[in-house]
Amino acid sequence: MSISTESKKTYINVEKSDVMKKELIFLGPPACGKGTQTAMLAEYLGLPHVDTGSLLRAEIKKETPNGKVAKSYIDKGNLVPVELVASIIKDRLSEDDCKDGYILDGYPRSVEQADMLDVINSDINGATKVDFKAIYFDLNQDILISRIVNRRSCPNCGEIYNIKFKPTKVEGICDKCGTALVQRKDDNEEIAKARFETYFHETAPLIDYYKNKGVLKTIDAEGSIEQVWERLLAVINE
Ligand code: AMP
């Protein structure tokens, strides 16, 4: 979906008087659509999209020591140890392209990680003023497993498809770059169920955590990509 220049302009005008660093984090169960929406939002706002799942998969592909540890957890649908993810996130958020803000997708995933993120941010930001929002994608669980098992992604450009809801023009081939699509190893039914368990135990408590801090925005994530996008923009522009 392309992003309209008109709505982009509106957003930029609103933000011109506001020079605060923008930190947006996204919460929601596996396959709630936040990967697609956060990638679009990153392009729209010109901020980096920092996705811990992809960062960890890159470590696994490079066969680094961190990647080897991460793999044993990811393959079971469990969370990778807090310190390992924190060190990856801290390095990434310290990079120059994150100085005006970032969109964080898949981190934090537990209250412990949220506390850790506060420490990381205060180390990096010093006295910089920050506009922090936590955006929660609210979606009925029943459709999520079916979304997961039908999900395919491009190993080259990262575009995400769904063989039922967002098919490619040529079966199995990325529309953007022509690479053969792959299915993530942890996108099968058994591991998907474990990932939901982990989500409900570890990550869902963050909804109240951020609500209590007064920074939570909830979006109804049911509907088409375009419908959810409009709702997301409304919340971002609030
Ligand atoms: P995702 O691509 O966001 O669905 O993440 C895939 C897997 O990577 C998860 O099931 C976890 O095993 C691991 N992972 C991603 N982000 C985190 C995180 N913030 N903390 C711990 N493990 C994570």
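Everything here concerns the structure above.
Here is a short report on the structure shown in this document. Fair warning: this is a prediction, and the values are worked out from it, not measured in the lab.

## Topic: the pattern of salt bridges
And then number 1: A complete count under the given rule lists 19 salt bridges for this structure.
And then number 2: Two residues, Asp-118 and Lys-213, come together in a salt bridge whose shortest N-O distance is 3.6 Å. Remark: Lys-213 occurs in the loop between α9 (205–212) and β7 (216–220) and Asp-118 occurs in helix α6 (residues 111–125); sequence separation between them is 95 residues.
And then number 3: Residue classification places Asp-118 among the partly exposed residues on the basis of a relative accessible area of 36%.
And then number 4: Each member of the salt-bridge network shares a partner with another, and the members are Arg-151, Arg-184, Asp-186, Asp-187 and Arg-195.

## A few points about the site of the ligand
And then number 1: Near the ligand lie 16 residues; those nearest to it are Thr-52, Asn-78, Gly-106, Arg-109 and Gln-113.
And then number 2: Interatomic distance of 2.8 Å between a side-chain N/O atom of Thr-52 and a nitrogen atom of the ligand.
And then number 3: Take Arg-184: an N or O atom from its side chain is 3.0 Å from an oxygen atom of the ligand.
And then number 4: Out of a free accessible area of 480 Å², the ligand has 95% covered by protein chains.
And then number 5: Looking at the shell around the ligand element by element, the count peaks at four residues for helix α3 (residues 52–61).

Cut-offs used in this document
Residues numbered from 1 in each chain as written. Predicted model: local features only at pLDDT ≥ 70, side-chain atom pairs only at ≥ 80, totals over all residues. Heavy atoms only, no water. Salt bridge = Lys/Arg side-chain N within 4 Å of Asp/Glu carboxyl O. Helix = DSSP H or I, 4+ residues; strand = E, 2+ residues; numbered from the N terminus. Buried < 20%, exposed > 50% of the residue type's maximum accessible area, 1.4 Å probe, protein only. Near = heavy atom within 4 Å. Polar contact = N/O pair within 3.5 Å; in protein donor to acceptor, adjacent residues only side chain to side chain. Areas by Shrake-Rupley, 256 points an atom, 1.4 Å probe, with all protein chains shown as cover.

Any functional reading would require information beyond the geometric quantities listed.
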